[in-house]
There are 4 protein chains.
Amino acid sequence: MIEHTCRIRVRYAESDQMQFAHHSNYIVWFEAARIELLRAIGVNYAQMEQGGYLLPVLEVCAQYLKPARFDDELHITARIAEKPRAKCRIGYEVKTDYQLICSGHSLHGFINAQGKAIRPPGAFVQAVEKYFTSSRD
Amino acid sequence: MIEHTCRIRVRYAESDQMQFAHHSNYIVWFEAARIELLRAIGVNYAQMEQGGYLLPVLEVCAQYLKPARFDDELHITARIAEKPRAKCRIGYEVKTDYQLICSGHSLHGFINAQGKAIRPPGAFVQAVEKYFTSSRD
Amino acid sequence: MIEHTCRIRVRYAESDQMQFAHHSNYIVWFEAARIELLRAIGVNYAQMEQGGYLLPVLEVCAQYLKPARFDDELHITARIAEKPRAKCRIGYEVKTDYQLICSGHSLHGFINAQGKAIRPPGAFVQAVEKYFTSSRD
Amino acid sequence: MIEHTCRIRVRYAESDQMQFAHHSNYIVWFEAARIELLRAIGVNYAQMEQGGYLLPVLEVCAQYLKPARFDDELHITARIAEKPRAKCRIGYEVKTDYQLICSGHSLHGFINAQGKAIRPPGAFVQAVEKYFTSSRD
């Protein structure tokens, strides 16, 4: 398993007239948390894209349990629970003061600049492999 | 069943460096399509909120089949397939030139300004009821 | 002078907890209005970019006179008052029900894909020239 | 003079198909930097709003000198150079690796929840006053 938590403060522009952080922003925060998770295991997503490997989102889901509000400091945990193969699934938990307010996941597949599905780059495979060494992985 | 289709042109600000419309925007477009569906059946969401009925998102999911790109004109269909009760589920399909590029759904529940779950307002119930008149609904 | 007005309805996601349309959205609406103005005079910005001509923003300003709110239908007028040369200045007026709520402008210069300042493409020059035919232009 | 610098990393969702951070995001970053400047001098903007004092934007301008790109870590300096009176002007500088890429300013005035212009709250006046003690202020 790979897990990483980052902090994001809710911006004013992210609030809505319901006085909540608008639900679409969680999708953006998931992405920010995902990129920080990759950085934490030595994968620089910006460089990976420059190398011709894109990792678009195939699916995203979020369950909203409690609202976040402007200026809340959120703890966003991204987690790869299963060894990525052709596709990579990442789970997310968003907490304020250690109360879970949102959970979700995203599903990804590597493509090249022409949009064709490709195998993950070697650097990515090596970076994630050491976290999934048990026989059942 | 209630169904309504609206058109949205992908804004430049909604593009990303992958040359795609960023996936978070679909969540915003779902919402725009949802509000137009409500308007089409005589429910003005802005007025409903002013009347103290909020309809926050409890869950949202999207599957991305093909990318949309800047300046594409999207046809976004919102659909209430089952009669709303305590919760209201809305499905979405996003098409460009009649090719499906994204599908998804959202789940909603009414709350009052204090955040307490409440029954839907009478005007909403009346507006949707006529679309679900068969005995099995 | 070249002038074009488009309509944009304020999205829920564009509202903020002050119950106003967040001021950053006007910058996005200016851009949408600018692209529609270009389309109206026969310039397809998406195709122009594919042809290697980018028109980044060098400067943007907005004065906010009155708030817009969720679900307001805005009339956004983009205007090129002076014949574009190396730089192109576009003015904007945002109205609700014919009341001016915001005015602004943006300044642009053409660059190529390598980021180098270049002359505008011939198709752009031809499209705008017919609107500035007097001797003093 | 009051000055405060915060760091913001450009999100993927903030990139556009020109491979730049879209220019509208700077307006959002200015706001984030403004709220951190206020926090640094002991003014919690969220609480100030709860107390009935809103500080909407009357004007915003930005000059874009060089592009920011996805994953760049930006240093955003907000600066109140003149003692705020009825209106408050804040200047901004955005840097990457100590190179200036954008400068701008915003202008604000206090209003109450009914939208009426009001004097700044005492806590705000006290917080800023100590930074402007010279006779010419």
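What you see is a predicted model; the values in this text were computed from it and never measured.

(A) Representation of the layout of surface pockets. All names here are of chain C. The space that makes up the largest pocket amounts to roughly 1,000 Å³. Where the lining of the largest pocket is concerned, the elements lending two or more residues are helix 1 (24-40), helix 2 (45-50), strand 2 (57-64) and strand 5 (99-109). Among the elements that line the lining of the largest pocket, the one with the most residues is helix 2, at 5 residues. For the lining of the largest pocket, a count of residues per class yields 25 nonpolar, 14 polar and 9 charged.

(B) Fine view of the interface of chain D and chain C. At the junction of the two partners, chain D supplies 24 residues and chain C supplies 24 residues. Both faces considered, chain D and chain C share a buried interface measuring about 1,900 Å² in area, 62% of it formed by carbon and sulfur atoms. Its largest share of buried area at the contact with chain C, chain D owes to M18(D), H23(D) and Y64(D), together 26% of the area lost on that side. Summed over the shared surface of chain D and chain C, the number is 0 salt bridges. Linking chain D to chain C there are 8 residue pairs in polar contact (both at pLDDT 80 or more). Contributing elements (two or more residues each) for the side of chain D that touches chain C: helix 1 (24-40), helix 2 (45-50) and strand 2 (57-64) of chain D. By residue number, the principal contributor to the side of chain D that touches chain C is strand 2 of chain D, which donates 8 residues. Where strand 2 of chain C meets strand 2 of chain D, 5 bridges bridge the pair, whose relative direction is antiparallel. Residue pairing in the sheet places C61(C) in a bridge with C61(D) of strand 2 of chain D.

(C) Region of the structure containing the pattern of salt bridges. Evaluation of the coordinates by the stated rule reveals 44 salt bridges over all chains. Notably, a salt bridge pairs E36(A) with R9(D), separated by 3.7 Å at the nearest N-O pair. Of this pair, E36(A) sits in helix 1 (residues 24-40) while R9(D) sits in strand 1 (residues 2-9), on two different chains. We classify E36(A) as partly exposed; its relative accessible area is 21%. Taking relative accessible area as the criterion, R9(D) reaches 30% and is therefore assigned partly exposed. Between E73(C) and R7(C) there is a salt bridge, with its nearest N and O atoms 3.8 Å apart. Here the residue E73(C) occupies a position in strand 3 (residues 73-80), and R7(C) occupies one in strand 1 (residues 2-9), the gap between them amounting to 66 residues. The class of E73(C) is partly exposed, set by a relative accessible area of 33%. Each of the salt bridges in this network shares a partner with another, and the network as a whole consists of E3(A), R79(A), E93(A) and K95(A).

(D) Local environment of the interface of chain B and chain A. Facing 24 residues of chain B, the contacting portion of chain A comprises 24 residues. Counting each side, the surface lost to burial between chain B and chain A is near 1,900 Å², with a carbon and sulfur contribution of 62%. Broken down residue by residue, the surface that chain B buries against chain A is led by M18(B), H23(B) and Y64(B), which jointly contribute 26%. The set of elements that each furnish at least two residues to the side of chain B that touches chain A consists of helix 1 (24-40), helix 2 (45-50) and strand 2 (57-64) of chain B. Tallying contributions element by element places strand 2 of chain B first for the side of chain B that touches chain A, with 8 residues.

(E) Representation of the relation of the copies chain D and chain C. The transformation that overlays chain D on chain C combines an axial shift of 0.0 Å with a rotation of 180°, and the residual RMSD is 0.0 Å. Look at the turn and shift together and you get a two-fold axis relating the two. Of every C-alpha in chain D, the one belonging to C61(D) sits nearest the axis of rotation, 2.0 Å from it. When you check the interface residues of chain D against chain C, 100% turn up at the interface there too, and the contact is symmetric in its surfaces.

(F) Broad picture of the packing of helix 1 of chain A against helix 1 of chain B. Viewed as axis vectors pointing N to C, helix 1 of chain A and helix 1 of chain B meet at an angle of 170°, and their least axial separation amounts to 8 Å. Regarding the angle of helix 1 of chain A to helix 1 of chain B, the classification is roughly antiparallel. Note on element contacts: helix 1 of chain B touches helix 1 of chain A through S24(B), I27(B) and V28(B), opposite S24(A), I27(A) and V28(A). Considered class by class, the residues forming the contact of helix 1 of chain A with helix 1 of chain B number 4 nonpolar, 2 polar and no charged.

(G) The arrangement of the state of the cysteines in detail. Evaluated as defined, the whole model comprises 2 disulfides over all chains. Sulfur-sulfur distance for the disulfide between C61(A) and C61(B) comes to 2.4 Å. Torsion about the S-S bond of the C61(A) and C61(B) cystine: about 125°, corresponding to right-handed handedness. With C61(A) in strand 2 (residues 57-64) and C61(B) in strand 2, this pair bridges two chains. The exposure class assigned to C61(A) is buried, which follows from its relative accessible area of 8%. Of all cysteine sulfurs, the one in C61(C) lies closest to C88(C), which takes part in no disulfide; the gap is 15 Å.

(H) Fine view of the packing of aromatic side chains. Summed over the entire model, instances satisfying the criterion amount to 32 aromatic pairs over all chains. Between F110(B) and F124(B) the ring centres are 5.0 Å apart and the planes differ by 70°, which places this aromatic pair in the edge-to-face class. Of the two residues, F110(B) is situated in the loop between strand 5 (99-109) and helix 3 (122-129) and F124(B) in helix 3; the sequence distance between them amounts to 14 residues. Exposure remark for F110(B): the relative accessible area of 4% places this residue in the buried category. A network of ring pairs unites the aromatic residues Y12(A), F70(A) and Y45(D) as a single cluster.

(I) The arrangement of the relation of the copies chain B and chain A in detail. Expressed as a screw transformation, the operator carrying chain B onto chain A has a rotation angle of 180° and an axial translation of 0.0 Å, and the superposed copies differ by an RMSD of 0.0 Å. Of the interface residues in chain B, 100% have counterparts in chain A that sit at the interface too, so the contact is made through matching surfaces.

(J) Here's a closer look at the confidence of the model for chain A. On average, residues of chain A score 95 in pLDDT, and 97% of them are at 70 or above. Prediction confidence for the complex, expressed as pTM and ipTM, is 0.96 and 0.95 respectively.

(K) Geometry of empty space enclosed by the protein. Summed over all chains, the structure comprises 2 cavities of 30 Å³ or more. In this model, the largest cavity occupies a volume close to 730 Å³. N25(A), V28(A), N25(B), N25(C) and N25(D) are the residues nearest the centre of the largest cavity, which is lined by 29 residues in total. Broken down by secondary-structure element, the contributors of at least two residues to the lining of the largest cavity are helix 1 of chain A, helix 1 of chain B, helix 1 of chain C together with helix 1 of chain D. Residue classes in the lining of the largest cavity are distributed as 8 nonpolar, 13 polar and 8 charged. Of the volumes computed, that of the second largest cavity is approximately 30 Å³. In terms of lining, the second largest cavity is formed by R34(C), L38(C), L55(C), I80(C), C88(C), I90(C) and F124(C). Of all the secondary-structure elements, those providing two or more residues to the lining of the second largest cavity are helix 1 and strand 4 (87-96) of chain C. Counted by class, the lining of the second largest cavity contains 6 nonpolar, no polar and 1 charged residues.

Cut-offs used in this document
- Residues numbered from 1 in each chain as written.
- Chains lettered and ligands numbered in written order.
- Predicted model: local features only at pLDDT ≥ 70, side-chain atom pairs only at ≥ 80, totals over all residues.
- Heavy atoms only, no water.
- 1 Å grid on protein atoms, 1.4 Å probe; cavity = no way out; pocket = protein on both sides within 12 Å on 5 of 7 lines; lining within 4 Å.
- Points joined across faces, edges and corners; volume = space filled by probe spheres on them.
- Helix = DSSP H or I, 4+ residues; strand = E, 2+ residues; numbered from the N terminus.
- Nonpolar A, V, L, I, M, F, W, Y, C, P; charged D, E, K, R; others polar.
- Contact = heavy atoms within 4.5 Å.
- Buried area = accessible area lost by both parts, 1.4 Å probe.
- Salt bridge = Lys/Arg side-chain N within 4 Å of Asp/Glu carboxyl O.
- Polar contact = N/O pair within 3.5 Å; in protein donor to acceptor, adjacent residues only side chain to side chain.
- Pairing = 2+ DSSP bridges.
- Buried < 20%, exposed > 50% of the residue type's maximum accessible area, 1.4 Å probe, protein only.
- Least-squares fit on C-alpha atoms with pLDDT ≥ 70 in both.
- Axes fitted to C-alpha atoms, helices over the stretch in contact; angles between N-to-C directions.
- Parallel < 35°, antiparallel > 145°, perpendicular 65-115°, else oblique.
- Disulfide = S-S within 2.5 Å.
- Phe/Tyr/Trp six-rings, centres within 6.5 Å; stacked < 30°, edge-to-face > 60°.
- pLDDT = per-residue confidence, 0-100.

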